[in-house]
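Geometric and topological summary
Residues per chain, in single letters:
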Amino acid sequence: MPELPEVETVVRRLRPLLVGAKLKSSKYHDAKLRTAPLEKFVGTVTAVRRSGKNILVDFNSGSSISFHLRMTGNLLWEKRSSKNGSTQVGGAILNHSDEKHLRCRLNFDRGELRFVDIRRFGTVELIREPKAPGALPIDPIEDPLDADILAKLIGSSRQQIKVWLLRQDRLVGIGNIYASEILFSAKISPFRAANSLEAPERKRLVKSTLAVLQKAIQRCGTTFSDFHDPDGASGSFQNFLKVYDREDKSCRSCRTSVARAVQAQRSTYYCPKCQD
DNA sequence: ATTATATCCTGATCGC
DNA sequence: TGCGATCAGGATATAA
């Protein structure tokens, strides 16, 4: 499930592949995917960057293509081979599942970018005008964040803090896996009302948010079921998860059984003892 | 205004 | 062996 660390990993791998590349044409295999007539869109890539969980590919015209991987999206790169027409993706043969779920292919002068998405939640759109920089939402990696800023973001929200952390209109990048991991790290109960957090708790929450996300980025993200980087490689942060998907297993800190609860139709994992 | 819920989608898994 | 039910969750539309 691509969250901020997975998207950041994709962006870092794509950047050297795409910057300077010329887009010649595109083909869309899933009508549901296309939100603009992109087939005729051409140009030279000037930058690849992350905006929240979106992957933005900027072109010299000033327009950008924005990808969102949602649940199962993958961006795979096929280097154009000058020697033969082999279908290599980062050294690995494009497998049957990728062929079956291929949603669009962007034909660049130096290779092909393929958007593969099993569940078709992913999106691709053309953005003609850059979004004016505003105060919200805050990016925990790119923007300043401390306990006071967090308090302003939370405002008077009484949402349970786990549910609040998933909101992309306040703080971008956190999804279901990292929300549980961050709260465990901060030793805060997922059921606490967001606006009930005291300053020391907000301070711990900020510190844990940065620590967990940065460590996950270092590990190239979490590969649970579908996530791979453009070369087809997996992340390794799944080996470092403390509570996510560990129901009834012992807490790595106190050996209490990890509990699972459902909040806003999503699983939350937590230690009932460590997170009072 | 905020907050809660239903919906989208497919593959894996489970119980019978 | 199959077959229906359930689960996974990011974001949005709709409801309350």
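Note that the structure is a prediction, hence the values are computed from the model and not measured.

**Let's talk about the packing of aromatic side chains**
- For the structure on display, the rule yields 7 aromatic pairs.
- Residues F67 and F115 carry aromatic rings whose centres are separated by 5.9 Å and whose planes lie at 25° to one another, so their mutual orientation is stacked. Residue F67 is found in strand β4 (residues 64-68), and its partner F115 is found in strand β9 (residues 111-117); the two are separated by 48 residues along the sequence.
- Overall, the relative accessible area of 1% leaves F67 in the buried class.
- Seen from their ring centres, F237 and F240 are 6.2 Å apart, and the 25° between their planes marks the pair as stacked.
- Among the residues examined, F237 registers a relative accessible area of 3% and is labelled buried.
- For F240, a relative accessible area of 28% puts it in the partly exposed group.
- Taken together, the ring pairs in this structure connect Y178, F237 and F240 into an aromatic cluster.
- Between the NZ or CZ atom of K187 and the centre of the ring of F184, over which it lies, the distance is 6.0 Å.

**Observations regarding the protein's contact with DNA strand C**
- What surrounds DNA strand C is a group of 15 residues, the closest being H68, M71, R119, F121 and Y244.
- When atoms of DNA strand C within 4 Å of the protein are sorted by moiety, sugar and phosphate together comprise 52%.
- Contacts to DNA strand C include H68, whose side-chain N or O atom sits 2.4 Å from a phosphate oxygen.
- At 2.9 Å from a phosphate oxygen of DNA strand C is found a side-chain nitrogen or oxygen belonging to N176.

About the criteria used
Chains are numbered independently. Their residues run from 1 in the order of the written sequence. Labels follow written order: the first chain is A, the first ligand is 1, and so on. Confidence filtering applies because this is a predicted model: local features only for residues at pLDDT of at least 70, side-chain atom pairs given and counted only at 80 or more, and all residues used for totals across whole chains, interfaces and linings. With hydrogens and water set aside, each side-chain value is computed from the structure's full complement of heavy atoms. In summary, the pairing rule links any two rings of Phe, Tyr or Trp, Trp by its six-membered ring, whose centres are within 6.5 Å, and it sorts them by plane angle into stacked for under 30 degrees, edge-to-face for over 60 and tilted for everything else. Only runs of H or I of at least four residues qualify as helices and only runs of E of at least two qualify as strands under DSSP, and these elements are numbered from the N terminus. Exposure categories follow from relative accessible area, calculated using a 1.4 Å probe and restricted to protein chains: below 20% of the type maximum is buried, above 50% is exposed, and the middle band is partly exposed. For a Lys NZ or an Arg CZ to count as sitting over a ring, it must be within 6 Å of the ring centre and within 35 degrees of the ring normal. Each residue is tested against the molecule or strand, and it is near if at least one of its non-hydrogen atoms lies within 4 Å. Any pair of nitrogen or oxygen atoms within 3.5 Å is treated as a polar contact; in protein, a donor-acceptor pairing is required on top of that, and neighbouring residues in sequence qualify only through side-chain atoms on both sides.

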